[in-house]
Each structure stands twice: as C-alpha cells, then as structure tokens.
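# Structure assessment
Here is what each chain is made of, one letter per residue.
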Amino acid sequence: MKRITCTLALALVFLGFCVIPGFSAPPTEKNIILATTTSTQDTGLLDVLIPVFEKKTGHFVKTIAVGSGQAMTMGERGEADVLLVHSPEAEQKFVAADYGVNRKLVMHNDYVIVGPAADPAKIKGIKSAREAFKKIAASTSPFLSRGDNSGTHAKEKSIWKAANIKYEGEKWYQETGLGMGQTLNVASEKKAYTLTDRGTYLALKKNLGLEILAEGDAMLLNIYHVIEVNPSKWPKVNVPGAKAFADFMVSRETQAIIKTFGVEKFGAPLFFPDAGKKDEDLRK
Amino acid sequence: MELIFEGIKRAFILLFTFDPEVMGITLLSIKVSGVATFVSLLIGISVGTAVALSTFPGKKIVVSLINTGMGLPPVVVGLFVSIFLWRNGPLGFLGILYTPLAMIIAQTIIATPIVMGITVAAMQQLPKKLRLQILALGASRVQMVWTLIKEARLPLLAAVMAGFGGVISEIGASIMVGGNIKGYSRVLTTATVMETGKGNFEVAIALSIILLLLAYTINLILTNIQQRERPR
C-alpha cells in the first residue's frame, strides 16, 4: 500500500512539474486563429510558411485545417481571425455579407481529374472537365466526392451542374466526408475517379494507384485567397494579427517561397504565386 | 507488409534519435492524458465512493447514468466542449479553445465516468459487513471511507488504467478542442490522422507504434503494482 501511495505522490509531483510551464499559453493578443483548407496542410506548405511568419512577427498561429466551407463558417461566427481558402464563389458571398474584409489573391494551382490507370470511362486526354464528367456518369464508373462543403467539393458540384448531370443519390456517386488526402486514398483503394487539387495529388502520388486523366480546362483553376474576418461583427477578432498574416501571405518573400515549394521533392511546383494579380488575369 | 516494416523501422529511428518533434508530441500526449486521468481520479473516486456507500431514492438511475457515461463518445464531448469554449460561446471569455488545457478538460469529461463507474462497482463488491466491522473498531466515518478505498485499491487501479487508456487513445475530442496545432496541441492520435491524410504512412505507423508502446509501458507499471499487491 505504501508503495502505491508513494508512486501516486511521485506521479503527482512529476505531473505538476511538467504541466505548469507547459500550459502557460502565449498571451492571447499574439494568438491568431487561421482557418484554412486541408490542402494547404496536407501538402506541407503551411509547415514551411508558418514558422517563418511566427519568427518574423512574434505572433502565434493556431492553424485549424478544415474544408473551405467550414473555415468560412468559423469566420462568420467570429471563431477565426483570418482565412486561407479556395472557394471563390462562396468567398464573394462571404465578403458581400460583410463577414470578411480585404480579400487578397495569394496563389493558384489547378484541379485535375484522377482515376485508375485502366480508365473504364475512357476520359484520358479529354480537356473539357464537363465532357470528362459526362463520360464518368455515362459509364457509371465509381466517383468519389469530398462531400464536405470544401472548396474542392464546391468546384466539383459546379462542374456537375455545368455538365447538367444528376448525380445525387446515384449508385456510382459516393461521398467520403473526409479531407483531400484521405479521399484520394479511398479513391485509390476503390479504383474510383475523383476531383483533386494538383498539389495534394502530387504530394501523395507515391502511395496512390491513381493517374491524372483529365486536366487543363480553364474551369479547373484553383485559386486561393486570404480573407481577414470583419471585426465589426465580432469584436474579439485579432485585427492586427489577421492583417499581419494577410500581408505576410502576399509579401514578396512569401511569394518566393510558394514559387519554389515542392520543386525539390516533387519535381514541380505545387502552387503558383499570384499576389497583386486579379482573378480575371488568371482565367485568360 | 513492407510498409509496416518501414513503419516499425521509422518508429525506432524516431524514438532512438530523440526526434524533437516526435518527443514533443509524445510528451504532450502523456501530459494531457496524465493530468486528465489524475483529475478524473479525484472526481471519479470521491463521487463514485459517495454514490456506492450511500442509499438514496433514485440511486439506480444515477448508477445507470454513470455506467452510460462510461461509453461517452469522445466526438460528442469534443463538440459540446468546443461550443462552450468558442470565443463567442458561454465560456469564451476564458480564451482557452485550441489549447492543451481545453484538451485536458475534454479528456477529463471522458475519463471521469469511466473511473466513477469502476469505483462504484469496486465499492459495492466489498463485503457489506466490512463497514460495520470497521465502525465497530472505533473508526470515524472518514477513516471508514478511507479504509474502504484502500480495500478496493486493486480494482481502483483498473479504473486508472481504463481511464488513461480511454483518453490517450481518444481522437475525436482532442482534434476538435485542441485543433492539432503543430508544436502546441498536437498529440499522438491527432498527428497519426494528419500524417495518414498526408499520405506519410510510415510516419503514421511509427506514431501508432509509439502510442502502443506508451500505453503498454504505463499499463505494465500499473499492472505490476496491482499484481504485487494481490491479496493472498
């Protein structure tokens, strides 16, 4: 019995020692909550950028990686300070409804349609995303959707709509409700088609049995913006922190990092820096 | 198969080179789950003992509620704790969402009913006459309760193991209230999910193996104490 008491007492003292310094959180005014999409985390881009930002400004960034839809909901509720998202139509509504301010173009890459090498729907080489989706639907080959209101999910729905195809409830159409990385893994296992941003696909390619089958449509452009959450609705929003982060994302130094990110590891850049450009310039 | 071997190899490399990031993640897992288990022991054993030793109307309902709580889904706890801790939520003024403290709170809520349920069972399983005997020997009420807790120490160690095992392996609440923030609130389980999402399966396997080793070591220590003290 004595032993147990001793062990417990020791454990207590030990815990006390390691806890007290560990949990003294940084002062709140230095904390920024960044709500972002899974693709910026799954590619590893934020792991490179955040330390640079923290070192430069002394802010502490709490990155919450969720779908773009959820990130914007967090912004609407004032639960985030700054957003890095890629769902342009939803973003415009977000800003129009005064939830966000200072929306700035950061970078782009593109979406690609990936699928098994056997390509049962015969979409290889098709440039038009609409045509490719039509063929997938016609062949009733399995298609996996994110189904999580993310930017990628929004893009996918807009392509179905443009192709005028009814997909909801169809047997070949399945939703994972997961992030891009996990959805790609599921698609690979199920030999299914899916829509993905090129960055996440390249980062995960080595473990996937999926190939890029259709790419290059102007419709498949994937544009990332940084948006500061409007403090007039939620006074607790960290305005200077959000502004510092947004400015950092479009700064020359950061844009240079984005430009070369991934080249060494994947042989091609995952994102293309676009600070200062307009959306329309990209669509040309 | 090759992947699993790669993972095991990676786990040992990460462990024996004391990879700072992995060490940080592992330490945080121990801290968060350790503190949560400790707090849940304080609450769970005291309330559990009180419930077990007293008779009151509706006791069966209370005990069945505690037993239901033993299976409290971590995501449900995570969701409610997040809603309470939101900046603009009822406890938002604390400003502790996405901190290790929030994870401790959520894990304590998960572990407490587990400890409480096992405590109630352990206490009720002691012979009824023991209480009378202890009181007859002239013990005060407090001394009586303390003696009973000491008598039930072996099943109570099982409560420690179950509580700790429940929270160290839990992910739903940790990722929701902790946010999986690098170097700050990332624990073994949330890191494993993230690395899987990134397609870094070797690292994910390595982290899982570290988690298993950790759970095993702690249970080994506790089991050792428990078995050594087994009543003859």
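Residues numbered from 1 in each chain as written. Chains lettered and ligands numbered in written order. Predicted model: local features only at pLDDT ≥ 70, side-chain atom pairs only at ≥ 80, totals over all residues.

### Some thoughts on the overall build of chain A
A count of helices and strands for chain A gives 13 helices and ten strands. Burial statistics for chain A: of 284 residues in total, 46% are counted as buried. (Helix = DSSP H or I, 4+ residues; strand = E, 2+ residues; numbered from the N terminus. Buried ≥ 20, exposed ≤ 12 C-beta atoms within 10 Å, placed from the backbone.)

### Focus on the overall build of chain B
What chain B contains, in helices and strands, is eleven helices and zero strands. Ordered by position in the sequence, the α and β elements of chain B form the string α-α-α-α-α-α-α-α-α-α-α. In terms of overall dimensions, chain B has a C-alpha envelope of 65 × 50 × 25 Å along the principal axes. Across chain B, the fraction of contacts at a sequence separation of at least 24, relative to all contacts at a separation of at least 6, is 78%. (Contact = placed C-beta atoms within 7 Å.)

### Some details on the nonpolar core
Among the nonpolar cores identified, the biggest contains 129 residues, and Leu 34, Val 82, Leu 83, Ile 113 and Phe 245 of chain A together with Ala 102 and Ala 106 of chain B are the most heavily contacted of them. The leading source of residues in this core is helix α5 (residues 100–124) of chain B, at 16 residues. Here this core spans two domains, and each of domain 1 (29–108 + 222–283) and domain 2 (110–220) of chain A adds at least three residues to it. Leaving out residues up to four positions away in the same chain, Phe 245 of chain A has contacts with Ile 32, Leu 34, Phe 53 and Val 82 of chain A. (Core = buried A, V, L, I, M, F, W, Y, C linked by C-beta atoms within 7 Å. Domains from an automatic or database assignment.)

### Examining the packing of helix α2 (residues 20–53) of chain B against helix α8 (residues 153–168) of chain B
Residue and element names in this part refer to chain B. For the pair α2 and α8, the least separation of the axes is 9 Å and the interaxial angle reads 135 degrees. By the angle class used here, α2 and α8 are oblique. Crossing geometry of α2 relative to α8 is assigned as right-handed. Residues Ser 29, Ser 33, Ala 36, Thr 37, Ser 40, Leu 41, Gly 44 and Ile 45 of α2 form the contact with α8, whose participating residues are Leu 156, Ala 159, Val 160, Gly 163, Phe 164, Val 167 and Ile 168. Classifying every residue of the contact of α2 with α8 by side-chain character gives nine nonpolar, six polar and no charged. (Axes fitted to C-alpha atoms, helices over the stretch in contact; angles between N-to-C directions. Parallel < 35°, antiparallel > 145°, perpendicular 65-115°, else oblique. Left-handed = near helix turned anticlockwise from the far one by under 90°. Nonpolar A, V, L, I, M, F, W, Y, C, P; charged D, E, K, R; others polar.)

### Re unusual backbone geometry
The phi dihedral of Asp 98 of chain A falls on the positive side, at around 70 degrees, and the residue is not glycine. Overall, Asp 98 of chain A belongs to the exposed group, with 10 C-beta atoms counted inside 10 Å. Within the chain, Asn 180 of chain B stands out as a residue other than glycine whose phi angle is a positive 55 degrees. Asn 180 of chain B sits in the buried class, given 23 other C-beta atoms within 10 Å.

### So, the domain arrangement of chain A
Residues and elements named next belong to chain A. Once the domains are mapped, chain A shows domain 1 (29–108 + 222–283) and domain 2 (110–220). When each unit is reduced to the centre of its C-alpha atoms, the spacing between domain 1 and domain 2 is 25 Å. Between domain 1 and domain 2, the contact holds 22 residues from the first and 17 residues from the second. For the side of domain 1 that touches domain 2, the secondary structure elements donating two or more residues are α2 (38–42), α4 (68–76) and α5 (88–96). The class makeup of the residues in the side of domain 1 that touches domain 2 is six nonpolar, 13 polar and three charged.

### Looking at the packing of helix α1 (residues 2–16) of chain B against helix α11 (residues 201–228) of chain B
All names here are of chain B. The geometry of α1 relative to α11 is characterised by a closest axis approach of 7 Å and an angle of 65 degrees between their N-to-C directions. Classified by chirality, the crossing of α11 by α1 is right-handed. Of the residues in α11, those touching α1 at Leu 3, Ile 4, Glu 6, Gly 7, Ile 8, Arg 10, Ala 11, Leu 14 and Leu 15 are Phe 201, Glu 202, Val 203, Ile 205, Ala 206, Ile 209 and Ile 210. Taken together, the residues that form the contact of α1 with α11 break down as twelve nonpolar, one polar and three charged.

### Comments concerning the pairing of strand β9 (residues 221–229) of chain A
All names here are of chain A. Across the nine residues that make up β9, a large majority, eight, are buried. As paired strands, strand β3 (residues 82–85) and β9 are joined by four bridges and run antiparallel to one another. In the sheet register, Leu 83 faces β9, and the bridge partner there is Ile 227. Strand direction decides the pairing type here: strand β4 (residues 100–115) and β9, joined by eight bridges, are antiparallel. Within the sheet, the bridge partner assigned to Lys 104 lies in β9 and is Val 226. (Pairing = 2+ DSSP bridges.)

### With respect to α5 of chain A
Residues and elements named next belong to chain A. Looking at α5, one finds that the buried residues are Pro 88, Glu 91 and Phe 94. For α5, the arc enclosing every buried residue in end-on projection is 115 degrees, short of the 170-degree limit, so these residues lie on one face. Facing away from the buried side of α5 by more than 90 degrees, the exposed set consists of Glu 89 and Ala 96. In this structure, the buried side of α5 is in contact with α4, β3, β4, β9 and α13 (279–283). Directly beyond the C-terminal end of α5, a positive phi value near 70 degrees is found at Asp 98. (Arc of directions from axis to C-beta.)

### Things to note about α1 of chain B
Residues and elements named next belong to chain B. End to end, α1 covers 21 Å across 15 residues, agreeing with the expected 21 Å (1.5 Å per residue, within 8%). Residues of α1 that are buried include every one of Arg 10, Ala 11 and Leu 14, and no others. Buried positions in α1, seen along its axis, are confined to an arc of 105 degrees and lie on one side of it. What points out from α1, more than 90 degrees from its buried face, is the exposed set Glu 2, Phe 5 and Phe 16. Packing partners of the buried residues in α1 comprise α2 and α11. Once α1 ends, the next one or two residues include Phe 18, with phi positive near 50 degrees. (Expected span 1.5 Å × (residues − 1).)

### Observations regarding the environment of Lys 55 of chain A
Tracing the backbone through its elements, the reader meets Lys 55 of chain A in helix α3 (residues 45–57). Expressed as a C-alpha distance, the spacing of Lys 55 of chain A and Ser 141 of chain A, which sit 86 residues apart in the sequence, is 49 Å.

### As for the confidence of the model for chain B
Of all residues in chain B, 98% attain a pLDDT of 70 or more, and the chain-wide mean is 91. Taken element by element, the predicted model of chain B shows its lowest mean pLDDT in α1 of chain B (84) and its highest in α5 of chain B (96). (pLDDT = per-residue confidence, 0-100.)

### Focus: the environment of Ser 139 of chain A
Residue and element names in this part refer to chain A. Looking at where Ser 139 falls in the secondary structure, it is placed in helix α6 (residues 129–139). Along the sequence, Ser 139 and Pro 120 sit 19 residues apart, while their C-alpha atoms lie 7.5 Å from each other. Contact partners of Ser 139, with chain neighbours within four places excluded, come to Pro 120 and Ala 121.

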